[in-house]
Amino acid sequence: ALYRFSSFQRLPTGIQQQIIRHYSKIYAVGSVAEGNPGLFFYRKMLDLLRENGKRVVVYTTPLNRSLLDSYTMLDWDEYRLNMALFRSLAEARGAFFIDTNDGPDQIDLLESDFHDTDHTLDGGGAKVGRYLWLRSACFLFGQCQPTRADSGQPDMVGKACGRLE
């Protein structure tokens, strides 16, 4: 059976347990500290892009908050501290930072929009892609890009461009 296109709650229990074990290890990272090789390369990448005059949008991978909270896989206080560091490094180098999981840029996704903790299904991916495009366009082009009236997401345009809470 192909389970890769199913939401987590529709997966067999054994596969759900494998996913929980796998991601529990990944999210037990803790705080990102100075000396972390990933942090070094993140800074280097941002510096190179800035030096070459590139506009940069950094965004976080959307997380299935409901699933993470159900199994206490992620410490959200630690997450916020880590994202504050990544945000400050990006913004200090002129990049635009979008945290899709917390704060004003949090995207309202349903548990059924995800396959697991951080992989969206087609519907979730469409929501994320639309939001990131609209939000990024404001930074990249200095104005909100118009969307078709039949997009089905009238509030998303305003939220993405900072006009709605």
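Look up a bit, the structure's there.
Throughout, a residue's number is its position along its own chain's written sequence, starting from 1. With the structure being a predicted model, the display of local features is reserved for residues of pLDDT at least 70 and the display and counting of side-chain atom pairs for 80 or more, all residues being used for whole-chain, interface and lining totals. The basis for every side-chain value is the complete set of non-hydrogen atoms in the structure, without hydrogens or water.

A. View of the layout of surface pockets. Using protein atoms alone on a 1 Å grid, points that fit a 1.4 Å probe yet trap it form a cavity, whereas open point sets bounded by protein on both sides within 12 Å along at least five of seven lines form a pocket; residues with an atom within 4 Å of a point count as lining. Grid points are joined across faces, edges and corners, and a volume is the space filled by probe spheres set on the points. In this structure, the largest pocket encloses a volume near 550 Å³. Around the largest pocket, the lining is made up of 22 residues, and of these Tyr27, Tyr79, Asn82, Met83 and Phe86 lie nearest the centre. Numbered from the N terminus, helices here are DSSP runs of H or I no shorter than four residues, and strands are runs of E no shorter than two. Residue assignment for the lining of the largest pocket shows that the elements contributing at least two residues are β1 (57–59) and α4 (76–92). The element best represented in the lining of the largest pocket is α4, accounting for five residues. Its residues assigned to classes, the lining of the largest pocket shows 14 nonpolar, five polar and three charged. Gly falls in the polar group here, along with every residue not listed as nonpolar (Ala, Val, Leu, Ile, Met, Phe, Trp, Tyr, Cys, Pro) or charged (Asp, Glu, Lys, Arg).

B. How the structure looks around unusual backbone geometry. One non-glycine residue with positive phi stands out, namely Thr72, at about 45°. Each residue gets one of three labels from its accessible area relative to the maximum for its type: buried under 20%, exposed over 50%, partly exposed in between, using a 1.4 Å probe on protein chains only. Assessed through its relative accessible area of 67%, Thr72 is described here as exposed.

C. Looking closely at the nonpolar core. To form a nonpolar core, buried Ala, Val, Leu, Ile, Met, Phe, Trp, Tyr and Cys residues must be joined to one another through side-chain atoms within 4.5 Å. In this structure, Tyr42 and Val58 are the most contacted members of the largest nonpolar core, which totals 25 residues. Contributing elements (two or more residues each) for this core: α1 (13–26), α2 (37–51), α3 (65–70) and α4. Contact definition: two residues touch when any of their heavy atoms are within 4.5 Å. Setting aside residues no more than four positions away along its own chain, Tyr42 makes contact with Val58, Phe86, Leu89, Ala90 and Phe97. Of all hydrophobic cores here, the second largest spans eight residues; its members include Ile107, Leu109, Phe114 and Leu132.

D. Broad picture of the packing of aromatic side chains. Whether two aromatic rings pair depends on their centres lying within 6.5 Å, for rings of Phe, Tyr and Trp, where Trp uses its six-membered ring; planes under 30 degrees apart make the pair stacked, over 60 edge-to-face, and the rest tilted. Counted according to the given criterion, the structure contains five aromatic pairs. Ring geometry for Tyr42 versus Phe86: centroids 4.9 Å apart, planes at 85°, classification edge-to-face. Residue Tyr42 is found in helix α2, and its partner Phe86 is found in helix α4; the two are separated by 44 residues along the sequence. The class of Tyr42 is buried, set by a relative accessible area of 11%. It is Arg55 that lies over the ring of Phe139; its NZ or CZ is 5.4 Å from the centre. Charge over a ring is defined by NZ of Lys or CZ of Arg lying within 6 Å of the ring centre and within 35 degrees of the ring normal. Taking NZ or CZ as reference, Arg65 lies 3.8 Å from the ring centre of Trp76, over its face.

E. Summary view of the environment of Ser88. Residue position: Ser88 is located in helix α4. Its relative accessible area of 37% is what places Ser88 among the partly exposed residues. We call two N or O atoms a polar contact when they sit within 3.5 Å, provided that within protein one can donate a hydrogen and the other can accept it, with sequence-adjacent residues counted only if both atoms are side-chain atoms. From its side chain, Ser88 meets the backbone oxygen of Leu85 in a polar contact 2.9 Å long.

F. Representation of the pattern of salt bridges within the structure. By definition, a salt bridge exists where a carboxyl oxygen of Asp or Glu is found within 4 Å of a side-chain nitrogen of Lys or Arg. Scanning the entire structure with this criterion turns up seven salt bridges. Of the charged contacts in the structure, one is a salt bridge between Arg93 and Asp47, with a shortest N-O distance of 2.6 Å. In this pair, Arg93 is assigned in the loop between α4 and β2 (96–98) and Asp47 in helix α2, connecting sequence segments 46 residues apart. For the salt bridge of Arg87 with Glu91, the shortest nitrogen-to-oxygen distance reads 3.3 Å. Taken as a pair, Arg87 and Glu91 lie in helix α4 at a separation of four residues, close to a single helical turn. Residue Arg87 is classed as partly exposed on the basis of its relative accessible area of 27%. Glu91 sits in the partly exposed class, given a relative accessible area of 43%.

G. View of the side chain of Asn101. Secondary-structure assignment places Asn101 in the loop between β2 and α5 (122–141). Of the polar contacts made by the side chain of Asn101, one reaches the backbone oxygen of Thr61; its length is 2.9 Å. A distance of 3.0 Å separates polar atoms of two side chains, one belonging to Asn101 and the other to Tyr79. Not counting chain neighbours up to four residues away, the residues in contact with Asn101 comprise Thr60, Thr61, Pro62, Leu63, Arg65, Trp76, Tyr79 and Gln106.

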